[in-house]
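Summary of structural features
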Amino acid sequence: MKHKEIITNWNVITGGPCTGKTTVVNLLAQRGYKTTIEHARHYIDTQKIKGRTVEEIRENKKEFQLGVLNMQIEEEATLDVNEMVFLDRALPDAMAYYQFLGLEYDDRLIEQCNKYCYKQVFILDRLPLTNDYARLEDEAEQIRIHNLIIKVYETFPCPIVHVPVLPPEERVDFILKNL
């Protein structure tokens with residue numbers, strides 16, 4: 001892949017569904033670090049406010065992925081590349097979800113994913129799957145998405161750190177020790 005590589009001081013917290021990303025990001029925020037939100041859940045929440053059901057929102061896979069991608073692009077464009085930020089997922093996660101859903105990459109996705117070089121990518125090891133209103137995947141899908149995320153990030157020139165299953169506070173300590 002061709003990389004534009006705007007070097008950032010951003011650290012990505014990622015992994016498949018139900019790996020504890022948001023819990024870790026929230027704990028980092030509580031410790032005073034700048035963080036971002038997870039955009040898939042935020043997109044679902046904004047659409048539910050408009051009266052749509054989760055099934056309606058997820059029915060058109062391309063529309064859903066574009067909605068999430070647009071939110072991620074907008075947020076990353078507002079961040080200072082020199083400021084340390086922990087991102088709850090990042091643009092390349094969209095590539096894994098596009099692959100998972102059998103969607104073709106569009107030029108905008110490729111361009112945006114090649115725009116930033118993240119300082120580090122922390123991939124959280126999987127936890128037992130628990131579904132809620134926004135997370136509908138089964139365990140086989142969870143594993144497949146998780147593996148696609150790893151493969152996608154391995155194509156980028158970002159250092160990857162695998163974060164083992166630990167109590168949430170210890171996961172945060174592990175990440176901070178590996179900065």
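Presented here is an overview of the structure given in this document. One numbering rule holds for all chains: residues counted from 1, following each sequence as written. With the structure being a predicted model, the display of local features is reserved for residues of pLDDT at least 70 and the display and counting of side-chain atom pairs for 80 or more, all residues being used for whole-chain, interface and lining totals. Computation of side-chain values covers all heavy atoms of the structure but excludes hydrogens and water.

Quick notes on helix H8 (residues 168–177)
Note the following rule: Using a 1.4 Å probe on the protein chains alone, a residue whose accessible area is under 20% of its type maximum counts as buried, one over 50% counts as exposed, and one in between counts as partly exposed. By the criteria applied, helices consist of DSSP H or I runs no shorter than four residues and strands consist of E runs no shorter than two, each listed in order from the N terminus. Arc definition: directions from the helix axis to the C-beta atoms. The contact definition used throughout considers only heavy atoms, calling two residues in contact when any of these lie within 4.5 Å.
Along H8, the residues that are buried comprise Arg-171, Val-172 and Ile-175. One face of H8 carries all of its buried residues, which in axial projection span an arc of 100°. Structurally, H8 contributes buried residues whose contacts are with strand S2 (10–14), helix H1 (21–30), strand S4 (85–88), strand S6 (120–124) and strand S7 (160–163).

Examining the sheet that holds strand S3 (residues 34–35)
Our working rule: The pairing criterion is simple: DSSP has to find at least two bridges between the two strands. Fitting a line to C-alpha atoms yields each axis, with helices limited to the stretch in contact; the angle taken between N-to-C directions then spans 0 to 180 degrees.
One open sheet holds the 5 strands; their spatial order is S3-S4-S2-S6-S7, and the pairing between them is parallel. Both outer strands of the open sheet, S3 and S7, are each paired with one neighbouring strand and no more. As paired elements, S6 and S7 share 4 bridges and run parallel to each other. Pairing of Leu-124 across the sheet is with Val-163, part of S7. Against the sheet, H1 makes contact with S2, S3, S4 and S6, and its axis sits at roughly 145° relative to S2, the strand it touches most.

Here we look at the pattern of salt bridges
Just so we agree on the cut-off: For salt bridges, the criterion is a side-chain nitrogen of Lys or Arg within 4 Å of an Asp or Glu carboxyl oxygen.
Under the definition given, this model contains 7 salt bridges. A salt bridge links Arg-31 to Glu-169; the nearest nitrogen and oxygen atoms lie 2.6 Å apart. Of this pair, Arg-31 sits in the loop between H1 and S3 while Glu-169 sits in helix H8, placing them 138 residues apart in sequence. For Arg-31, a relative accessible area of 35% corresponds to the partly exposed category. In this structure, Asp-173 engages Arg-31 in a salt bridge whose closest nitrogen and oxygen atoms are separated by 2.7 Å. Of the two residues, Asp-173 is situated in helix H8 and Arg-31 in the loop between H1 and S3; the sequence distance between them amounts to 142 residues. What you see here is one network of salt bridges that share partners, running through Arg-31, Glu-169 and Asp-173.

What to know about the layout of surface pockets
Applicable threshold: Buried and open spaces are told apart on a 1 Å grid over the protein atoms alone, a cavity being a set of points where a 1.4 Å probe fits but cannot get out and a pocket being an open set with protein on both sides within 12 Å along at least five of seven lines. Residues with an atom within 4 Å of a point are the lining residues. Grid points are joined across faces, edges and corners, and a volume is the space filled by probe spheres set on the points. Under the scheme applied, nonpolar residues are Ala, Val, Leu, Ile, Met, Phe, Trp, Tyr, Cys and Pro; charged residues are Asp, Glu, Lys and Arg; polar residues are all the others, including Gly.
Roughly 690 Å³ of volume is contained in the largest pocket. Looking at the largest pocket, it is lined by 33 residues, and the ones nearest its centre are Glu-38, Ala-40, Arg-58, Tyr-97 and Glu-137. Of all the elements in the fold, those that place two or more residues in the lining of the largest pocket are H1, helix H2 (39–49), helix H4 (61–78) and helix H5 (91–101). Considering only residue class, the lining of the largest pocket consists of 15 nonpolar, 8 polar and 10 charged.

Focus: the nonpolar core
Here is the rule we go by: Among buried residues, those of type Ala, Val, Leu, Ile, Met, Phe, Trp, Tyr and Cys that are joined through side-chain atoms within 4.5 Å constitute a nonpolar core.
The biggest cluster of nonpolar side chains holds 30 residues, and the ones touching the most others in it are Trp-10, Leu-69, Leu-91, Leu-109 and Tyr-118. For this core, the elements supplying multiple residues, two or more each, are S2, H4, S4, H5, helix H6 (107–113), S6 and helix H7 (139–154). Discounting residues that sit within four places of it in the chain, Trp-10 has contacts with Glu-76, Leu-79, Asp-80, Val-81, Glu-83, Val-85, Leu-87, Tyr-116, Tyr-118, Lys-119 and Gln-120. Core analysis: the second largest hydrophobic core is formed by 12 residues, Leu-27, Phe-86, Val-161 and Val-163 among them.

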